[in-house]
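Results of the structural survey
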Amino acid sequence: MSPSPVPSATAPALRRARCPDAPVLAPALDDTQLAIAADALALGQWTRVRTLLAETGADWDRRGHRLTVLAGCPGSAAWAGDWQLAEPDSGDAATLVAVATVRLALRGEAGIAAAAEACAVAARMLPDDPTPWLGALILARRTGTPQARAEAFRQIRARHPDHHHAHHLMAACLAEQQPAGAVGPAHPADVFAARAASRAPADSPLALLPVVAHAERYRVRAAAGLEPPDPVDSGHWSTRRARRLLRSAFDWWLEWEGEDHPRGKVDLNFLAHATFHEGRMAEAAALFQRIGPHLTRAPWSYAGRDAEGAFQAARDTALCRARRHADR
């Protein structure tokens, strides 16, 4: 018997039904098929995941997004293990096992060596797929050396030069170097982001990576006590360089026609966060309208803030001020 769809009347779904614009921390973002498959996997229905990944094919950014979300589902490692036992030659099953084991290792529920080996096994089974190496990079970010992170990133870029998630991870890693360093274009995170943006295709969302790196610098500096814990009180987004960077990023977004990117809402959250804290309420309001309910934990949770509360407060303020301005 084929698995039946998981009922959608979960608590988040009911919340969305009452208020379609209510922000929800849902890792699947606007990928409806992924959300359905994640619910099914949580009930052990891995055949739905198999179908989803087969349909995803070699869309590497979408595949990476889907597998990292699926790996975070309750019991994902165990259910993926069942799939692997049923289909030992499945590279998709091996990759889900690998990324799910990485998640367990980062929570202290599996060994680091076991997670690294699972990634290596999946990489051997699917030599063209950057996703096992994405799992290795996620693991190395928290448990590995700079050399291990650089090697995993190199392997990802060899398979997909503009890998979105990998570039975000590296920007975060590099931001954690020299936390007390001056905010400016010479910091490793800013150099990396500027270079990645300049070499990416014109329609690539990596054009927004400098904004991401700037937010990551704030995260690290706030954790070190070098910035106030509330970004509203920080001048991080009001320097001449920051304003120039954000203006360029917003202007690029206005011309962008690729908002079906699987992680596009991640970029929009970073851009809305930056634009709001720069004080450009009309631009921030436009971004919040496009984001809809799809908030992301980063960067709204930075400096230990409640992501949903920070997002809601910023959105309400931006939309209210934009309406006042329109009524004048």
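Notes on the structure follow. (Residues numbered from 1 in each chain as written. Predicted model: local features only at pLDDT ≥ 70, side-chain atom pairs only at ≥ 80, totals over all residues. Heavy atoms only, no water.)

**Describing the overall build of the chain**
Regarding its fold elements, the chain presents 17 helices and zero strands. With the principal axes as the frame, the chain shows a C-alpha extent of 65 × 50 × 35 Å. Per-residue burial for the chain yields a buried fraction of 52% across its 328 residues. Across the chain, the mean location of the 38 positive side-chain charges is 6 Å away from that of the 36 negative side-chain charges. (Helix = DSSP H or I, 4+ residues; strand = E, 2+ residues; numbered from the N terminus. Buried < 20%, exposed > 50% of the residue type's maximum accessible area, 1.4 Å probe, protein only. Lys, Arg positive; Asp, Glu negative; His and termini not counted. Charge placed at Lys NZ, Arg CZ, Asp CG, Glu CD.)

**Concerning the state of the cysteines**
Each disulfide is one covalent bond, formed between the sulfur atoms of two cysteines. Taken as a whole and judged by the stated rule, the model has zero disulfides. Cysteine 173 provides the cysteine sulfur closest to cysteine 119, a residue in no disulfide bond, and the two sulfurs are 15 Å apart. (Disulfide = S-S within 2.5 Å.)

**Some words on the side chain of histidine 167**
Along the polypeptide, histidine 167 turns up in helix H10 (residues 164-175). In contact with histidine 167, other than residues within four places in its own chain, are Phe153, Arg157, Pro161, Asp162, Phe192, Ala196, Arg199, Leu206 and Leu209. (Contact = heavy atoms within 4.5 Å.)

**Observations regarding unusual backbone geometry**
At the junction of alanine 298 and proline 299, the peptide bond is cis and its omega measures out at 5° in the coordinates. Within the secondary structure, proline 299 sits in helix H16 (residues 297-300). The residue leucine 29 is not glycine, and still its phi comes out positive at about 60°. With respect to the secondary-structure elements, leucine 29 resides in the loop between helix H1 (11-18) and helix H2 (32-42). Classification of leucine 29 as buried rests on a relative accessible area of 11%. With a phi close to 65°, alanine 303 is a non-glycine residue in the positive phi region. Mapped onto the secondary structure, alanine 303 falls in the loop between H16 and helix H17 (307-327).

**Considering the nonpolar core**
Counting 66 residues, the largest nonpolar core has Leu137, Trp253, Phe288 and Trp300 as its most contacted members. In terms of residues, this core owes the most to one element, helix H12 (residues 209-223), which gives eight residues. Other than its neighbours up to four places away in sequence, tryptophan 300 contacts Asn269, Ala272, His273, His277, Phe288, Arg305, Asp306, Ala307, Ala310, Phe311 and Ala314. Counting residues in hydrophobic clusters, the runner-up holds 21 residues, among them Leu52, Cys73, Trp83 and Val99. (Core = buried A, V, L, I, M, F, W, Y, C linked by side-chain atoms within 4.5 Å.)

**A look at the pattern of salt bridges**
A complete count under the given rule lists 21 salt bridges for this structure. In this structure, arginine 241 and aspartate 190 form a salt bridge, with 3.4 Å as the shortest nitrogen-oxygen distance. Separated by 51 residues along the polypeptide, arginine 241 in helix H13 (residues 240-255) and aspartate 190 in helix H11 (residues 188-199) bring together distant segments of the chain. Each member of the pair, arginine 241 together with aspartate 190, is buried. Aspartate 230 is paired through a salt bridge with arginine 305; the nearest N and O atoms lie 3.8 Å apart. In this pair, aspartate 230 sits in the loop between H12 and H13 while arginine 305 sits in the loop between H16 and H17, placing the two residues 75 residues apart along the sequence. With relative accessibility at 25%, the residue aspartate 230 sits in the partly exposed group. One connected set of salt bridges, linked through shared partners, spans Arg243, Arg247, Asp251, Glu278, Arg280 and Glu283. (Salt bridge = Lys/Arg side-chain N within 4 Å of Asp/Glu carboxyl O.)

**Here's the deal with helix H6 (residues 91-106)**
With 16 residues, H6 should cover 22 Å at 1.5 Å per step; its first-to-last C-alpha distance of 23 Å lies within 8% of that length. Burial of H6 is extensive: 14 of the 16 residues sit out of reach of the surface. The residue sitting at the N-terminus of H6 and contributing the capping side-chain oxygen is serine 90; that oxygen lies 3.4 Å from the backbone nitrogen of aspartate 92. Glycine 108 occupies a position one or two residues after H6 and carries a positive phi of about 75°. (Expected span 1.5 Å × (residues − 1). Polar contact = N/O pair within 3.5 Å; in protein donor to acceptor, adjacent residues only side chain to side chain.)

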